[in-house]
Amino acid sequence: MNTLSKLTATFSLALLSTYAQAGGSHHGTPKPTVTTYSFTSGTVGPEEFGNSLVQVLDGVTLTTTAWSTTGSGNTFRTAELEIYSGYGMGVCNRNEGVNCSDTNSAHALDNNGADDLILFSFSGPVQLDSLSLMQFGGDSDLSVWAGTGSINPNGLTPAALGTATLIGGNYSNGTRSIDLGSVLGGNYTWLAVAARIGSDNDYAKLRSLTVDPVTAPIPEAET
């Protein structure tokens, strides 16, 4: 093999290697990784209003906090985030007092006439995939919001979050999965989930959240 042929072969191998590392895509954009955050086991500490749960999966940090409109003129205040093994994640609000360590299944979204909200904040943009929940009382409708940037619900009314997307429930107790991608397409950095605003019988606990992290395209190799 002459010198020119050797150089041509070496260059071709380099291009093939770059193509393979990019997932075989001409534009080098890998398929998003499906990431599922689970809320059915573990504990959230400390036991106090304003606590949070931090989970890191596939390079994306999810920070989860709890809010409630209790005793504040229909504006959100910090609440206590709770996880009950086998059930899911709920909210202990100020109507329930300071005794939020009760480990029964009572602390869910929509307790004691308050509008309870769970806020998911991501460290980078994601596409929303699905939400799993356990519902009680025969019907659990949800109000959901999603957006970009940062958000602090403290002192805001539910209306100040914008127009909520209403996701209807079904009339049976137990777990169900919601296809968020079909109703909230796009890239977001936060998701807020509440029992249907203004309703007092949509008890639910959140069990898991699945998202697709949005990754930047891999630059094409220079020739």
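Predicted model only: the values in this text are computed from it and were never measured.

Q: What am I meant to see in the overall build of the chain here?
A: On a plain count of helices and strands, the chain comes out with two helices and twelve strands. Counting from the amino terminus, the chain carries its helices and strands in the arrangement α-β-β-β-β-β-β-β-β-β-β-α-β-β. A sequence separation of at least 24 residues applies to 73% of the contacts in the chain between residues at least 6 apart. Just so you have it, the chain exposes about 11000 Å², and 51% of that area is on carbon and sulfur atoms.

Q: Teacher, can you tell me more about the pairing of strand β6 (residues 88-92) here?
A: The element β6 is largely enclosed, with a buried count of five among its five residues. Pairing between strand β5 (residues 80-84) and β6: five bridges, direction antiparallel. When the bridges of β6 are listed, Ile83 appears paired with Met89. Here β5 folds back onto β6, and the loop between the two strands holds three residues, one of which, Gly86, carries a positive phi near 85°.

Q: So what exactly am I meant to see when it comes to the packing of aromatic side chains here?
A: The geometry of an aromatic ring pair is captured by two quantities: the separation of the ring centres and the angle between the planes. A full pass over the atoms with the stated rule returns two aromatic pairs. Plain terms: the ring middles of Phe39 and Phe120 are 5.6 Å apart, the flat faces sit at 25° to each other, and that makes the pair stacked. In this pair, Phe39 is assigned in the loop between β1 (35-38) and β2 (52-57) and Phe120 in strand β7 (residues 116-135), connecting sequence segments 81 residues apart. Neither residue differs from the other here; Phe39 and Phe120 are each classed as buried.

Q: In this structure, what is going on with the confidence of the model for the chain? I would like to understand it.
A: Should the pLDDT be low somewhere, the predicted coordinates at that spot are not to be read in detail. A residue-level look at the chain finds 74% of positions with pLDDT of 70 or above and a mean pLDDT of 81. By mean pLDDT, helix α1 (residues 3-21) is the weakest element of the chain at 39, and β1 is the strongest at 98. The low-confidence segment residues 3-29 (pLDDT under 50) makes 16 contacts with residues lying over four places distant or belonging to another chain.

Q: Could you clarify how one ought to interpret the pairing of β2 in this entry?
A: Residues in a regular strand point their side chains to alternate faces of the sheet. Relative to strand β3 (residues 60-68), β2 is paired through six bridges, and the arrangement is antiparallel. Bridge pairing links Gln55 to Leu62 in β3. Remark: two residues form the turn of the hairpin made by β2 and β3, two consecutive strands paired antiparallel; Asp58 in that turn has positive phi of roughly 50°.

Q: Sorry if this is basic, but what is going on with unusual backbone geometry here?
A: When glycine is set aside, most residues are seen to have a negative phi, and most peptide bonds are trans. For the bond from Gly45 to Pro46, the omega torsion is -5°, close enough to zero to count as cis. When you line up the elements, Pro46 lands in the loop between β1 and β2. Within the chain, Asp58 stands out as a residue other than glycine whose phi angle is a positive 50°. For Asp58, the location among the structural elements is in the loop between β2 and β3.

Q: Honestly, the pattern of salt bridges in this entry has me stumped. Any pointers?
A: Evaluated as defined, the whole model comprises one salt bridge. Ionic pairing is found between Arg196 and Asp141, a salt bridge with its closest N-O pair at 3.5 Å. Placement of Arg196 in the loop between β11 (187-195) and β12 (204-213) and of Asp141 in the loop between β7 and β8 (142-147) is noted, with a sequence separation of 55 residues between them. When its relative accessible area of 10% is taken as the criterion, Asp141 is described as buried.

Cut-offs applied
- Residues numbered from 1 in each chain as written.
- Predicted model: local features only at pLDDT ≥ 70, side-chain atom pairs only at ≥ 80, totals over all residues.
- Heavy atoms only, no water.
- Helix = DSSP H or I, 4+ residues; strand = E, 2+ residues; numbered from the N terminus.
- Contact = heavy atoms within 4.5 Å.
- Areas by Shrake-Rupley, 256 points an atom, 1.4 Å probe, with all protein chains shown as cover.
- Buried < 20%, exposed > 50% of the residue type's maximum accessible area, 1.4 Å probe, protein only.
- Pairing = 2+ DSSP bridges.
- Phe/Tyr/Trp six-rings, centres within 6.5 Å; stacked < 30°, edge-to-face > 60°.
- pLDDT = per-residue confidence, 0-100.
- Salt bridge = Lys/Arg side-chain N within 4 Å of Asp/Glu carboxyl O.

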